[in-house]
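So you can see what is in the structure, the chains are spelled out below.
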Amino acid sequence: MFSTAFKLCRKSNNQTVGLIRRYSSLSNVSIFNNENAERGDYLKNVVEQDFTLIENFITEKEEDDLMKEIEKAFRRTRYQYDHWDGAIHGFRETEKSNWNTENMKIFENIKNIAFDMDNDIIPTTHVLDLAEDGLIKPHVDSIKFCGNKIAGLNLLSDAIMRYGIEKEPESYIDVYLPRFSLYIMRDALRFDFTHEVLANKDSYFQGKHIQKNRRVSILHRNEPS
Ligand code: OGA
Ligand code: MN
């Protein structure tokens, strides 16, 4: 039906380009380091260097236009609850390359902002639809099939993304990803940390429950170098 590049990957508004670093705000980030200050500094550095969040990257109208095309693409596709590699539960996904002109404009902005005008962006868009009871378990996208940058547009719901270090469960970074936002993860955060999207029952940020409804993400990645 569609190629499995992104499955393999998983296994193992209009801001201008020059402004990108200014959006690396830490207010949506919580760092857990079990009171190990050195570890805390390391996590803080990584998130400052390698993570960008742009809130309200799209409007509700733009989300609606994207969702119209996405719903068409998912017609007759059911949510899966037993993915072969076990990384995701309660989801459906597709790779899509044909979008209408308005939606393509949004993706052009993402490419300019997230990929510094690099020309090695994987041309198809990966759309992941997580059901309300779905979750993404900790994983690292394959280094064989995807490069150093991943950009995700958050539709329909807020969610908590957790970045963790294998074999060091006491050190992790939680990021509150609001609906309509774009996040970018790069380099060490993308290679040395697992990422996951918490189930609704575990979806807390600084003690407050963040309701995760059905959530659709649109992911852009670059080719491995
Ligand atoms: C993935 C993934 C993140 C997201 O599909 O590999 O990590 O924001 N998705 O949906
Ligand atoms: Mn991933």
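From a predicted model like this one, the values you see are computed outputs, not experimental measurements.

About the thresholds
Residues numbered from 1 in each chain as written. Chains lettered and ligands numbered in written order. Predicted model: local features only at pLDDT ≥ 70, side-chain atom pairs only at ≥ 80, totals over all residues. Heavy atoms only, no water. 1 Å grid on protein atoms, 1.4 Å probe; cavity = no way out; pocket = protein on both sides within 12 Å on 5 of 7 lines; lining within 4 Å. Points joined across faces, edges and corners; volume = space filled by probe spheres on them. Nonpolar A, V, L, I, M, F, W, Y, C, P; charged D, E, K, R; others polar. Phe/Tyr/Trp six-rings, centres within 6.5 Å; stacked < 30°, edge-to-face > 60°. Helix = DSSP H or I, 4+ residues; strand = E, 2+ residues; numbered from the N terminus. Buried < 20%, exposed > 50% of the residue type's maximum accessible area, 1.4 Å probe, protein only.

Participant: Any chance you could break down empty space enclosed by the protein for me, citing the residues and the numbers?
Facilitator: Quantified by volume, the largest cavity comes out at close to 140 Å³. Along its surface, the largest cavity is lined by 18 residues, and Ile-136, His-139, Tyr-183, His-195 and Leu-219 are the ones closest to its centre. Of the residues that constitute the lining of the largest cavity, the class distribution is 9 nonpolar, 4 polar and 5 charged.

Participant: Tell me what's going on with the packing of aromatic side chains, and back it up with residues and numbers.
Facilitator: Within this structure, the stated rule accounts for 6 aromatic pairs. A ring pair is formed by Phe-32 and Tyr-172, whose centres lie 4.5 Å apart and whose planes are at 15°; its orientation type is stacked. On the criterion of sequence distance, the pair formed by Phe-32 in strand β1 (residues 29-32) and Tyr-172 in strand β7 (residues 172-177) is long-range, its members being 140 residues apart. For Phe-32, a relative accessible area of 33% gives the class partly exposed. Where Tyr-42 meets Phe-193, the ring centres are 6.1 Å apart and the plane angle is 20°; that geometry is what we call stacked. Remark: Phe-193 occurs in the loop between α5 (187-191) and β9 (194-197) and Tyr-42 occurs in helix α2 (residues 37-50); sequence separation between them is 151 residues. On the accessibility criterion, Tyr-42 (29% relative accessible area) is partly exposed. Within the aromatic cluster, the residues linked to one another by ring pairs are Phe-51, Tyr-163 and Tyr-183.

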